[in-house]
Amino acid sequence: MGRINLLDPLLSSRIAAGEVIERPQSILRELLDNALDAGADEIRVSIDGGGIDRLSVFDNGGGISREDLALIGQRHATSKIHTQDDLYDIHTLGFRGEALYSIGAVSRLTIATYSEETKEGSTLVIDNGRREDITPSSPDRGTSVTAENLFADIPARRAFLKRPSSEAALCRQLLVSKALAFPSVRFVFVSDGAIRLDWPKCTSLKERVMYLYRTEGIADADVDELEAEGEGFRISIIAGNSSVKRSDRKEIRVYVNNRPVDEYSIVQAVTYGYGEMLPGGSFPYAAVFINDAPEMVDFNIHPAKREVKIRNRAEIHHAITSALQNGLKRKIPEITPVQKEFYLDNTKRTDTLFSEERSGKTFSYSPSHHRVSESQVAERINTEYREKDSAWLEKAKALQKERETRRNEDQKETEKQPEERHSLRYIGQAFHLFLIAERDDELYLVDQHAAHERILYDELLSQRTVQNLLVPIEIEMDSIGDEFLQHHAEVYTKLGIMLSRKEDGVWEITALPASCRAIESEIIDFIQSTRIDEKELETKLFAVIACRAAIKAGDDIDRWSAEALLKKVFELEEPACPHGRTFLIKLSEKDLRTMVGRTQ
């Protein structure tokens, strides 16, 4: 008897389904694509048991005719493409014709639909590959697709699923990812009977993306919307500014023709665009929406459609990087007052109450601890004061006069000449690190090392005074470094570092920039270890020089040096060190008064 046999059709269908359906999240991905392709502007997702027990997607799209429903659930049955050429002109999210077939092979699939075209409703059930007859019942509008008891007939696959709570979280993540690209569609997510997400229709991509960013504590003012375009493509970027950052790349989201994709080159373009605006090890919040000509992209790579080939990738990469470099502005961090609560009695709140307030919890207080507004507190204080002091009227008049005098002084201050109003006043040094200065109605704290580092860096770029060395400095290079310098020694020459090859693997430094004379060892280490292009080499070398030569944290600094440094700092367009770290923060007089409870 031969060893080769034909697989049972049901078994082969389940093997094929495993390429498309891995977990409830996979089912949701396919059903959302179908709902969006149907033209729905309201989609409701409901899951039970993390989507393992039951997962339903309701949409108000155009529905499916009974004639088409008879073909649905068969392998490669699709309305999206008809010929081979259609693969290179795809305008829909779905096109492979495998989704419903695969879902029906590993669960009990129920499709109830009402066709706007034929004005008839129908229901189809496919139970783990076994197709039942179509019946004439349906919702009043749109389509409802439900998958129940996932992998019930394949225990080995079911055993690899995560806990229901974890599967539910994955489903929610997928819904968020899909919803960002479709601001004109309302999305509702219900898990075990509780609404977990309800995003209404929006008028712009930024408005939709902010529904996600606000949950991360990001304000609208810290997010910019940038545009770019080229031949055959348009790009919209919703990007956080320099004050918005995280320690990983997870919030660099890329969409190509409304599909969320994993495309490293585009993520790289985003990080290049931010450049040194973010400190090392930090990454931005950014959502990139690319609308490219269908013939320029190919999604027919993997059933999950998370991968894409982009024929004009280089042009798009450049457009994204340029848009970010030209459109993003660095934001100076500000200290803002914490909102305070006032109590009518004199009982102090405990640390426990403060910690609970910060965590966003709700409390129950006794009647003597109820919260009131600041104006109510002032009113009560004034009432008690009048009752206890018979001279309250005279004192009130004196207070009013004092306020009027202060307002007059403020008015005179406002009318001063611009150069007088923008005068800088150095106050002192804190913690042997921060320089404190007052300018207009704002207080600034400046990191002395990072600020001095930036000033030196700019001076190095503009003034390249070179000093010849009486005794050349000899450095040894490995074979790779030796070869690199033979081809790129002129790069160092342009930067004021003169190098000459003495013999194989041995080079001499015959001249250095004047600012490098005290840090020769750092220059040698840099030359021995660096293999980068000319532009990046210049940036990194001067950053190293500036960092080593700058005032250090812990150093004392005299008033004249501090004032000279601060003057140069406030002449900078962007207050950031060569490594991208913002080195000053500010606090307005108004906010400071609010913090200490002085409202006048």
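### Re the overall build of the protein
- When helices and strands are tallied, the protein shows 19 helices and 24 strands.
- Split into buried and exposed, the 600 residues of the protein put 43% on the buried side.
- Of the contacts formed within the protein by residues at least 6 apart in sequence, a portion of 66% connects residues at least 24 apart.
- Carbon and sulfur atoms make up 49% of the accessible area of the protein, which amounts to about 33100 Å² in all.

### Details of the sheet that holds strand β21 (residues 466-476)
- Spatial ordering of the open sheet is given by β21-β23-β22, a layout of three strands whose pairing is antiparallel. Edge positions in the sheet fall to β21 and β22 (498-503), since each has one partner strand and no second. Strand-to-strand, the axes of this sheet are offset by a mean angle of 20°, without reference to chain direction.
- Inspection of the sheet shows β21 paired to strand β23 (residues 506-513) by seven bridges, in the antiparallel sense. The residue bridging E474 from the neighbouring strand is E508, located in β23.
- Together, β21, β22 and β23 form the strand contacts of helix α16 (residues 520-529), whose direction differs from that of β21 by roughly 55°.

### A short note on the nonpolar core
- Within the largest apolar cluster, 58 residues are counted, with the highest numbers of intra-cluster contacts made by I43, V45, F187, Y213 and F289.
- Here the element with the most residues in this core is helix α6 (residues 164-180); it accounts for seven residues.
- If near-sequence neighbours (up to four positions away) are discounted, V45 is found in contact with L28, L32, S56, V57, L175, V188, F189 and V190.

### Some points on the packing of aromatic side chains
- Inspection of the entire model under this criterion finds four aromatic pairs.
- Arranged with centres 5.5 Å apart and planes meeting at 80°, the rings of Y213 and Y285 form a pair that is edge-to-face. A residue pair is termed long-range when its members are at least 10 positions apart, and Y213 in helix α7 (residues 205-213) and Y285 in the loop between α8 (264-274) and β13 (286-292) qualify at 72 residues. Taken individually, Y213 and Y285 each receive the classification buried, so the pair is uniform in this respect.
- Relative to F289, the ring of Y255 has its centre 4.8 Å away and its plane inclined at 20°; by these criteria the two rings are stacked. One end of the pair, Y255, is in strand β11 (residues 252-256); the other, F289, is in strand β13, and 34 residues separate them in sequence.

### Thoughts on the pairing of β22
- Judged from the five bridges that link them, β22 and β23 form a sheet pairing that is antiparallel. Directly across from L499, in β23, lies its bridge partner I509.

### Describing the confidence of the model for the protein
- In the predicted model, the protein carries a mean pLDDT of 78, and the fraction of residues at 70 or more is 72%.
- Here residues 339-378 scores under 50 on pLDDT; set against residues more than four positions off or in separate chains, the count is 36 contacts.
- When the criterion is pLDDT under 50, residues 416-421 qualifies, and its contacts beyond four places in sequence or with other chains add up to four contacts.

### Some points on the packing of α6 against α7
- Where α6 contacts α7, the axes come no closer than 9 Å and their chain directions differ by 160°. On the basis of their axis angle, the class for α6 and α7 is roughly antiparallel. Regarding α6 and α7, the two cross each other, and that crossing is left-handed. Contacts between α6 and α7 involve V176, A179 and L180 from the former and L205, R208, V209 and L212 from the latter.
- Along the lines of polarity and charge, the residues of the contact of α6 with α7 split into six nonpolar, no polar and one charged.

### Some details on the pattern of salt bridges
- In this structure the tally under the stated criterion is 23 salt bridges.
- Taking the shortest distance from any N to any O, the salt bridge between D127 and R108 comes out at 3.2 Å. Taken as a pair, D127 in strand β4 (residues 120-127) and R108 in strand β3 (residues 108-115) lie far apart in primary sequence, 19 residues in all.
- Residue D127 is classed as partly exposed on the basis of its relative accessible area, which comes to 21%.
- Taking relative accessible area as the criterion, R108 reaches 28% and is therefore assigned partly exposed.
- The network of salt bridges with shared partners includes R108, D127 and E132.

### Let's talk about the sheet that holds strand β10 (residues 233-240)
- The sheet built from five strands is open, its strands ordered β9-β10-β13-β11-β12 with mixed pairing. The sheet terminates laterally at β9 (223-230) and β12 (259-260), the two strands that pair on one side only.
- Where β9 meets β10, eight bridges bridge the pair, whose relative direction is antiparallel. Following the sheet pairing, E229 is matched in β10 by R234.

### Some remarks on the side chain of Q448
- Mapped onto the elements, Q448 comes out in helix α14 (residues 448-462).
- Here Q448 is in contact with Q429, H432, L433, L435, I551, K552, A553, G554, D555, I557 and L565, once residues within four sequence places are set aside.

### With respect to the packing of helix α2 (residues 24-37) against helix α4 (residues 99-106)
- Between α2 and α4, whose axes approach to 10 Å, the crossing angle comes to 140°. Judged by the inter-axis angle, α2 sits oblique to α4. Note that α2 runs across α4; the crossing there is left-handed. Mapping the contact onto sequence places I27, E30, L31 and N34 in α2 and A99, L100 and I103 in α4.
- Across the contact of α2 with α4, the residue classes tally to five nonpolar, one polar and one charged.

Calculation rules
- Residues numbered from 1 in each chain as written.
- Predicted model: local features only at pLDDT ≥ 70, side-chain atom pairs only at ≥ 80, totals over all residues.
- Heavy atoms only, no water.
- Helix = DSSP H or I, 4+ residues; strand = E, 2+ residues; numbered from the N terminus.
- Buried < 20%, exposed > 50% of the residue type's maximum accessible area, 1.4 Å probe, protein only.
- Contact = heavy atoms within 4.5 Å.
- Areas by Shrake-Rupley, 256 points an atom, 1.4 Å probe, with all protein chains shown as cover.
- Pairing = 2+ DSSP bridges.
- Axes fitted to C-alpha atoms, helices over the stretch in contact; angles between N-to-C directions.
- Core = buried A, V, L, I, M, F, W, Y, C linked by side-chain atoms within 4.5 Å.
- Phe/Tyr/Trp six-rings, centres within 6.5 Å; stacked < 30°, edge-to-face > 60°.
- pLDDT = per-residue confidence, 0-100.
- Parallel < 35°, antiparallel > 145°, perpendicular 65-115°, else oblique.
- Left-handed = near helix turned anticlockwise from the far one by under 90°.
- Nonpolar A, V, L, I, M, F, W, Y, C, P; charged D, E, K, R; others polar.
- Salt bridge = Lys/Arg side-chain N within 4 Å of Asp/Glu carboxyl O.

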